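Spelled out from the first residue to the last, the chains are:
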Amino acid sequence: MTPLPLTVIGGYLGAGKTTLINQILSANHGLRIMVLVNDFGSINIDASLLISASQDTLELSNGCVCCTIGADLFLAIGDVLDRKPRPDHIIIEASGIADPARIANVAQAEPELLYSGIATVVDGLQFDTLSGDPLVAAQFKDQIACAQVIAVSKAPLQEDLRQNLSELNPDATILPVDRLGIEQLLMTGQDPTQILQSSHPAYAKWSYSGDRSLGQTELTELLHSRPEPLYRLKGHMRGPNDTGYLVQVVGSSVEVHEIAQPPQTELIGIGLAARLMPETCDEWWAQGACDQAAHQTALQS
């Protein structure tokens, strides 16, 4: 049986991997692509493409399928290989703190797979900050160095940024993420034995799940005042009346978009364990609740 090509999409926290996955699933490329992701809850698939959705699988009318990886990547790969009909290509989205090279080596261990390269998404707005951070720089640069394609998001691909990326990976194709075509992404003929592998620092997580609600202005102000080590934060926030908010925070970038009110507020954040103390995040979140209560009391009086 012909080996099934496998491509890995990597990139640091908040680089824009999920946006790229959504583009792939929605594109009219004529291929049956299986995408394995960490969590597709934030992928907004065009309703006209969606045939069915279960707890861990999205089936699309263009032949694409999106599944969550779960606890075991090899089990997920085995399920894909057992599908009938088989997809034409597998794409795995690596988490923001994962080593895409280690994930790509699953193709070396599984004879029914053909390694087809790594595409790393790089947030152009955060490049200088991440590459200059003594705790993050090695991991960030290794994610770039192991790629065959580097896709720059959120900022124009200026010549100085292109030069910096070329110094880290002189052999990679470098282009803006909106010019990343299916032909660059679905690469073939790569040698997985040449993939660089890296280690990374420890990370700490913070999360909140509950009924708390905020208005958009208060929420935005609160997010801007969060503990600095809380580098990445995302989720859904309840708002007044029937409104809600999609929260996307990456470094200094804070985005709050209005959506239908979710059943409850759910936020998850991550940062370097050497800097981020979850109890500090709890204090920040609790203080925000106190400030909100005081503000409402002042308005009532």
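Section: empty space enclosed by the protein
Gaps left between atoms are located by rolling a probe of water-molecule size over the structure's atoms. Taken as a whole, this structure holds one cavity of 30 Å³ or more when the rule is applied. Its boundaries defined by the atoms lining it, the largest cavity holds a volume of some 30 Å³. Along its surface, the largest cavity is lined by Tyr12, Leu13, Gly14, Ala15, Val121, Val122, Asp123, Gln126, Leu130, Phe140 and Tyr231. If one sorts the elements of the lining of the largest cavity by residue count, strand β7 (residues 113–123) sits on top with three residues. Residues that form the lining of the largest cavity fall into these classes: eight nonpolar, two polar and one charged.

A closer look at the layout of surface pockets
In this structure, the second largest pocket occupies an estimated 390 Å³ of space. Lining the second largest pocket are 19 residues, with Thr129, Glu228, Pro229, Tyr231 and Gly251 positioned closest to its centre. Going through the elements one at a time, α5 (127–131) and β14 (265–272) are the ones with two or more residues in the lining of the second largest pocket.

Here we look at the pattern of salt bridges
A side chain with one charge can pair with a side chain of the opposite charge if their charged atoms come near. This structure, assessed with the given rule, holds five salt bridges. Of the charged contacts in the structure, one is a salt bridge between aspartate 88 and arginine 32, with a shortest N-O distance of 3.5 Å. Residue aspartate 88 is found in the loop between α2 (73–82) and β6 (89–93), and its partner arginine 32 is found in the loop between α1 (17–26) and β2 (33–37); the two are separated by 56 residues along the sequence.

Observations concerning the confidence of the model for the protein
Do not read the predicted coordinates in detail wherever pLDDT is low. A residue-level look at the protein finds 85% of positions with pLDDT of 70 or above and a mean pLDDT of 83. At the level of individual helices and strands, the protein shows its lowest average pLDDT in strand β3 (residues 50–53), which scores 68, and its highest in helix α7 (residues 159–168), which scores 96.

Description of the packing of aromatic side chains
By the definition in use, this model includes eight aromatic pairs. With centroids separated by 6.5 Å and ring planes inclined at 55°, the aromatic side chains of tyrosine 12 and tyrosine 203 adopt a geometry described as tilted. With tyrosine 12 in the loop between β1 (4–10) and α1 and tyrosine 203 in strand β10 (residues 203–210), this residue pair connects regions lying 191 residues apart in the sequence. The same class applies to tyrosine 12 as to tyrosine 203, namely buried.

Points about the nonpolar core
Nonpolar side chains tend toward joint burial in soluble globular proteins. Ranked by internal contacts, the top residues of the largest apolar core, which has 48 residues, are Leu36, Ile77, Ile90, Ile92, Leu113 and Leu165. Here this core takes five residues from α2, the largest share from any one element. Core analysis: the second largest hydrophobic core is formed by 24 residues, Ile21, Leu60, Val149 and Ala151 among them.

Here we look at the sheet that holds strand β11 (residues 232–238)
Across the sheet, which stays open at both edges, the five strands sit in the order β10-β14-β11-β12-β13 with antiparallel pairing between neighbours. At either margin of the open sheet sits one strand with a lone partner, and together these are β10 and β13 (253–260). Taken pair by pair, the neighbouring strands of this sheet meet at an average axis angle of 10°, ignoring direction. Relative to β13, helix α9 (residues 216–224) is tilted by about 150°, and along the sheet it contacts β11, β12 (243–250) and β13.

Things to note about unusual backbone geometry
Glycine aside, the phi torsion of most residues is negative, and most peptide linkages are trans. Each neighbour pair has its own omega, and for lysine 84 with proline 85 the value is -5°, a cis peptide bond. Tracing the backbone shows proline 85 in the loop between α2 and β6. Positioned with a positive phi, lysine 154 is a non-glycine residue whose angle comes to about 70°. Examined against the element boundaries, lysine 154 turns out to sit in the loop between β8 (149–153) and α7. The exposure class of lysine 154 is partly exposed, given its relative accessible area of 44%. Here asparagine 241, not a glycine, exhibits a phi torsion of approximately 55°, which is positive. Residue class for asparagine 241 comes out exposed when judged on its relative accessible area of 70%.

Conventions and cut-offs
- Residues numbered from 1 in each chain as written.
- Predicted model: local features only at pLDDT ≥ 70, side-chain atom pairs only at ≥ 80, totals over all residues.
- Heavy atoms only, no water.
- 1 Å grid on protein atoms, 1.4 Å probe; cavity = no way out; pocket = protein on both sides within 12 Å on 5 of 7 lines; lining within 4 Å.
- Points joined across faces, edges and corners; volume = space filled by probe spheres on them.
- Helix = DSSP H or I, 4+ residues; strand = E, 2+ residues; numbered from the N terminus.
- Nonpolar A, V, L, I, M, F, W, Y, C, P; charged D, E, K, R; others polar.
- Salt bridge = Lys/Arg side-chain N within 4 Å of Asp/Glu carboxyl O.
- pLDDT = per-residue confidence, 0-100.
- Phe/Tyr/Trp six-rings, centres within 6.5 Å; stacked < 30°, edge-to-face > 60°.
- Buried < 20%, exposed > 50% of the residue type's maximum accessible area, 1.4 Å probe, protein only.
- Core = buried A, V, L, I, M, F, W, Y, C linked by side-chain atoms within 4.5 Å.
- Pairing = 2+ DSSP bridges.
- Axes fitted to C-alpha atoms, helices over the stretch in contact; angles between N-to-C directions.
- Contact = heavy atoms within 4.5 Å.

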